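Close look at the chain arrangement
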Amino acid sequence: MNKDNIIKAYEAAEKTYSEYGIDTNAVLRKMEDIQISLHCWQGDDVTGLEQDSGGTSGGIMATGNYPGKARTGEELRADLDMAMSLLPGKQRVNVHASYAELDGEKVDRDRYETKHYIKWITWAVDRGIGLDFNPSCFGHPMASSDMTLSSPDEKVRRFWIDHVKACRNIASDMGRACKSPCITNIWIPDGMKDLTPNRLKYRGILKESLDEILKEKKDPAFYKEGLECKLFGIGSESYVVGSHEFYMGYVGQSRAAGNEDLMITLDMGHFHPTETISDKISALLLFNKEILVHVSRGVRWDSDHVVISNEDVQEVVREIARADAFDRVHLALDFFDASINRISAWVIGTRATQKAILGALLEPVGTLREAEENGNFGNRLALTDEFRSLPVGAVWNKFCLDNEVPAGTDWLSDVSEYERNVLLKRA
Ligand code: RNT
Ligand code: ZN
């Protein structure tokens, strides 16, 4: 895009927004501080770097076979570097435990240590970015029944308790090394395909497992954790042990017992297909210090399509902006599409989320609130609709220009070049 045109369009947008009392320059400064966590698992279809296990199960699945997927930690990090070079603002990188680099060592997930992630840590420290983390309770022989922390089989349950405990230590070390709290998300696939008479029993087991895992307090300066709730998945259509009510209750009880740092994780694809999470943000913010959001896009089911700045995403980030809570809501991407260039997937999803955030910060919310408080709901609706076509794109391109990354779709040619020179050379 032509630089002069970007600046001209920005100056016009600046005037338009200022008529509504919005300072675009202040918003651009704010954008610099909002970090989005980039999930490493988009780069290899959730395969992971362990030699003999890894891969998905538990109802999550990447479909497609676009060429060029990363096969090693080096390739994956190079691809992430490439993606981040096309993104304005700051990112973090979200690593799953299955991205351990064991270098031939025979060690299972219940005994993983920080040294198995040293390449990730060194890479992140070099770039001055934060790392986030996730236990991987799927894609492993011990998870073949899709029951992990709630398994009635004591051997299985013990294995996964030890895995999550190991992950909490590793994540704390990552946070310390990167000088930024490592946001850790605990998701388990546990559930049943069909009608389950023992619902209460498995939830009781999960509660006990979590009690044991969370007993050891971690320093919130380096480590924060969320529990990810879910309504249903493939293979767990009838019953998910870690449901919304389960984790809502668990987090509430922990808070009452003095643990204010435990978060709820809301994944945008984990609710009823017609249910969105935006309305939940303000309710949770009243009772929780911080929350974690998995930015995803379900199409008919929790399909984890690449995020675009659709209405659902816009409304989520508007709610965060309206509550002035970008420091209390952690945004982590969670999608995996193997049918398109994987770098494009990261870039599309991250830029879409950032663009939605920008739009939310630019919303003349004071004008909307005034109409509402005056009881003029007709004006409120008229203004709501009018604000949809404010020139966010012009401010976005200026944000890209300021950050010295491609504006508009100029990044597409960079990805094509990388595809030609790097991705297609991978056998
Ligand atoms: C699954 C959850 C979970 C995973 C990742 C890979 O339904 O959304 O967050 O997608 O941990
Ligand atoms: Zn998720």
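Just above sits the structure.
Here the structure is a predicted model, which is why all the values come from computation and not from measurement.

Let us now look at the packing of helix H1 (residues 3-19) against helix H2 (residues 24-31). Orientation of H1 relative to H2, taken along the N-to-C sense of each, is 105°, at an axis distance of 9 Å. Comparing the axis directions of H1 and H2 gives the class roughly perpendicular. Taken together, the residues of H2 that come into contact with H1 (itself represented by Tyr 10, Glu 14 and Tyr 17) are Thr 24, Asn 25 and Leu 28. Its residues placed into classes, the contact of H1 with H2 shows three nonpolar, two polar and one charged.

Moving on, we come to the coordination of the zinc ion (ligand 2). At this site the zinc ion (ligand 2) is bound by Glu 228 (OE), Asp 267 (OD), His 294 (ND1) and Asp 334 (OD), with donor distances of 2.1 to 2.2 Å. Bound by six donor atoms, the zinc ion (ligand 2) shows angles of 71 to 172° at the metal and therefore octahedral coordination geometry. Judged by its relative accessible area of 4%, Glu 228 falls in the buried class. According to the relative accessible area criterion, Asp 334 is buried, its value standing at 8%.

This part is about the site of ligand 1. Looking at ligand 1, the residues that line it are Trp 41, Ile 60, His 96, Trp 187, Glu 228, Lys 230, Asp 267, His 270, His 294, Asp 302, Asp 334 and Phe 336. Between ligand 1 and the protein, one listed contact pairs an oxygen atom with a side-chain N or O atom of Lys 230 at 2.7 Å. Between Asp 267 and ligand 1, the recorded distance is 3.0 Å, taken from a side-chain N or O atom to an oxygen atom. Look at ligand 1: alone it shows 310 Å² of surface, and the protein chains cover 100% of it.

It is worth spelling out the pattern of salt bridges at this point. Summed over all chains, the structure comprises 38 salt bridges. Linking Asp 173 and Arg 176 is a salt bridge whose minimum nitrogen-to-oxygen distance equals 3.1 Å. Note that Asp 173 and Arg 176 are positioned in helix H5 (residues 154-178) at a spacing of three residues, about one turn of the helix. The shortest N-O distance in the salt bridge between Arg 388 and Asp 385 comes to 3.9 Å. Several salt bridges converge on common partners, so that one network encompasses Glu 311, Glu 315, Arg 318, Glu 319, Arg 322, Glu 363, Asp 385 and Arg 388.

Judged by side-chain polarity, Met 61, Ile 234 and Trp 301 come together as a nonpolar surface patch covering roughly 250 Å² of accessible area. With respect to the helices, strands and loops of the structure, Trp 301 is situated in strand S11 (residues 301-305). Look at Trp 301 and you get partly exposed, because its relative accessible area is 30%.

Conventions used here
Residues numbered from 1 in each chain as written. Chains lettered and ligands numbered in written order. Predicted model: local features only at pLDDT ≥ 70, side-chain atom pairs only at ≥ 80, totals over all residues. Heavy atoms only, no water. Axes fitted to C-alpha atoms, helices over the stretch in contact; angles between N-to-C directions. Helix = DSSP H or I, 4+ residues; strand = E, 2+ residues; numbered from the N terminus. Parallel < 35°, antiparallel > 145°, perpendicular 65-115°, else oblique. Contact = heavy atoms within 4.5 Å. Nonpolar A, V, L, I, M, F, W, Y, C, P; charged D, E, K, R; others polar. Donors = N, O, S within 2.8 Å, 3.2 Å for Na, K, Ca; no water. Tetrahedral: all angles 85-135°; square planar, octahedral: opposite > 155°, others 65-115°. Buried < 20%, exposed > 50% of the residue type's maximum accessible area, 1.4 Å probe, protein only. Near = heavy atom within 4 Å. Polar contact = N/O pair within 3.5 Å; in protein donor to acceptor, adjacent residues only side chain to side chain. Areas by Shrake-Rupley, 256 points an atom, 1.4 Å probe, with all protein chains shown as cover. Salt bridge = Lys/Arg side-chain N within 4 Å of Asp/Glu carboxyl O. Patch = residues over 30% accessible without salt bridge, like charges linked within 9 Å, V, L, I, M, F, W, Y side chains within 5 Å.

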